[in-house]
Amino acid sequence: MKRKLSALLIALCLLLSACSAAPAKEEATTPTEYQRAYTPITRIDHCVLEPDDRERLSEKDMLAFRSLTESMLARRDEITVTPETVSVSDLLDLLRESPYYYFLREAKIDGNTVRFTYAYSPEKQQQMLSFIDEQMLRIANHEASESDNTLDVILKIYLAVTHEMTYDNKRTDNKELGSPLFVYPADEIYKALRDKKSLCYGFAYVLRFALLQRGIDCFCVYGLCNAHNDGHEWIIFRYDDTWFHCDPAWDRVSEDYAKLIHFGKTDSERKADTLDMEDFASYHETTYSDVKCTDDRFSILRGIVRFTYVNDHRFYMIDRDGKEYFFDTESFSFVD
C-alpha cells in the first residue's frame, strides 16, 4: 500500500513539474480603444469610428488615422502617414466625419503627406475643442454607474440627448437629401452642444459620437421622409448583437418630456414612418451590408412619452394614457 502511495505521489510530482515547465498560452487581447467599457469614461477618444470603418482598417491604418487626427488637433502644419491597406485620401475622408474637422480651412495631400491650414486662431480652436470634449464627456457619462449594463448606457445617453436638445424650427437650410451635412457633421456637433438645438443630423451626430465613446456600435443613417419631402437622419445601434433604429430628433423633448416612441424600431416600422433609407448597404462596407432591424422587442416601449432614470437598472416611464411604469433593463420588463 505504501509503495502504491509513493508511486502515485511521484507521478503527481512529475505531472506538476511538466505543467509548470510548459509555456503559458497567450491570451487574445482587444484594442483598448474599442473594448465595450460600460464604466464611466474619463476622457474623449477623438478617433472613434463607425464599426464598418473599423472593420476595414488594419492596425497600421488605425495608427496612421490616429496620428492624422492628433496632428490636426495639435495644429501641425503637415504630417506624413503610411497606411497599409487604405489610401491617405481614404484616411482624410474618414477624418471628415470627425466633430473636429471643421477646425481646418483646407487639407491637401501630396503623396503620403497631408498639409493643414486652419480656420481659427490657436486660442479659438482650443476653446472649441475643450468645449466639445467637456460636453460630450458629460453626455456620454450621463447618470453613469459602474454597474451599468449595455441597455442602461444606451438609454441614459439617449435620455441626455433627447432631453437637452430641441429642434431648431427657425432653420430651413440644408434639409435636402443631397446636402453634405447628411454625410459629414462639419460644425453641427459644436453648434448643437452650444445652442442646445439643431436639425435632425445634429441630434444624430451627437448621439453617435457619445455612443461610440462608450463602446456601443452604431451608424448614422439618412434617407427621404416622404411625409415632408425632406431629408432625415437618425441612428441604427447594436444591442444584444442585434440592430435597432432610434430617432433622437423625433423623440426630442416636447412639453418638457422626451419620448421612446421611435426607440428600438424595426425596418418595417421606419417604413411606416414614411422613411426610405438612402441605399444604406452601398454606403457602408460589404461586411455590414446585411444590417437588418427585424427584432421588435422594443415595441413594449412604443407608447412611452416620458422616461427618466431612477436607480438599480430601473427607469420611470409614463405612457400616452398617463399610466406609470418602472422598466427594468436587467429583466427587460415592466416591474412594480
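A closer look at the pattern of salt bridges
This model, assessed by the stated rule, comprises 21 salt bridges. A salt bridge links Arg302 to Glu269; the nearest nitrogen and oxygen atoms lie 3.2 Å apart. Placement of Arg302 in the loop between helix 10 (280-283) and strand 10 (304-311) and of Glu269 in helix 9 (residues 267-272) is noted, with a sequence separation of 33 residues between them. When its relative accessible area of 15% is taken as the criterion, Arg302 is described as buried. The salt bridge involving Arg270 is made with Asp273; its shortest N-O contact spans 3.0 Å. Judged by relative accessible area, Asp273 falls into the buried class, the value being 17%.

A few points about the side chain of His262
Checked against the element boundaries, His262 lands in the loop between strand 8 (242-246) and helix 9. His262 gets classed as buried once you look at its relative accessible area, which sits at 12%. Not counting residues up to four positions away in its chain, the partners in contact with His262 are Tyr158, His245, Cys246, Asp247, Trp250, Asp251, Arg270, Asp273 and Arg302.

Quick word on the packing of helix 7 (residues 188-195) against helix 8 (residues 200-213)
Where helix 7 meets helix 8, the closest approach of the two axes is 9 Å, and the angle between their N-to-C directions is 95°. The pairing of helix 7 with helix 8 is recorded here as roughly perpendicular in orientation. Contacts between helix 7 and helix 8 involve Glu188, Ile189, Ala192 and Leu193 on the former and, on the latter, Tyr201, Tyr205 and Val206. Split by residue class, the contact of helix 7 with helix 8 holds six nonpolar, no polar and one charged.

Quick look at helix 7
Of all the residues in helix 7, the buried ones are Glu188, Ile189, Tyr190, Ala192 and Leu193. For helix 7, the secondary structure elements touched by its buried residues are helix 5 (122-140), strand 5 (197-198) and helix 8. Remark: Lys196 follows helix 7 within two positions and exhibits a positive phi of approximately 60°.

Conventions used here
- Residues numbered from 1 in each chain as written.
- Predicted model: local features only at pLDDT ≥ 70, side-chain atom pairs only at ≥ 80, totals over all residues.
- Heavy atoms only, no water.
- Salt bridge = Lys/Arg side-chain N within 4 Å of Asp/Glu carboxyl O.
- Helix = DSSP H or I, 4+ residues; strand = E, 2+ residues; numbered from the N terminus.
- Buried < 20%, exposed > 50% of the residue type's maximum accessible area, 1.4 Å probe, protein only.
- Contact = heavy atoms within 4.5 Å.
- Axes fitted to C-alpha atoms, helices over the stretch in contact; angles between N-to-C directions.
- Parallel < 35°, antiparallel > 145°, perpendicular 65-115°, else oblique.
- Nonpolar A, V, L, I, M, F, W, Y, C, P; charged D, E, K, R; others polar.

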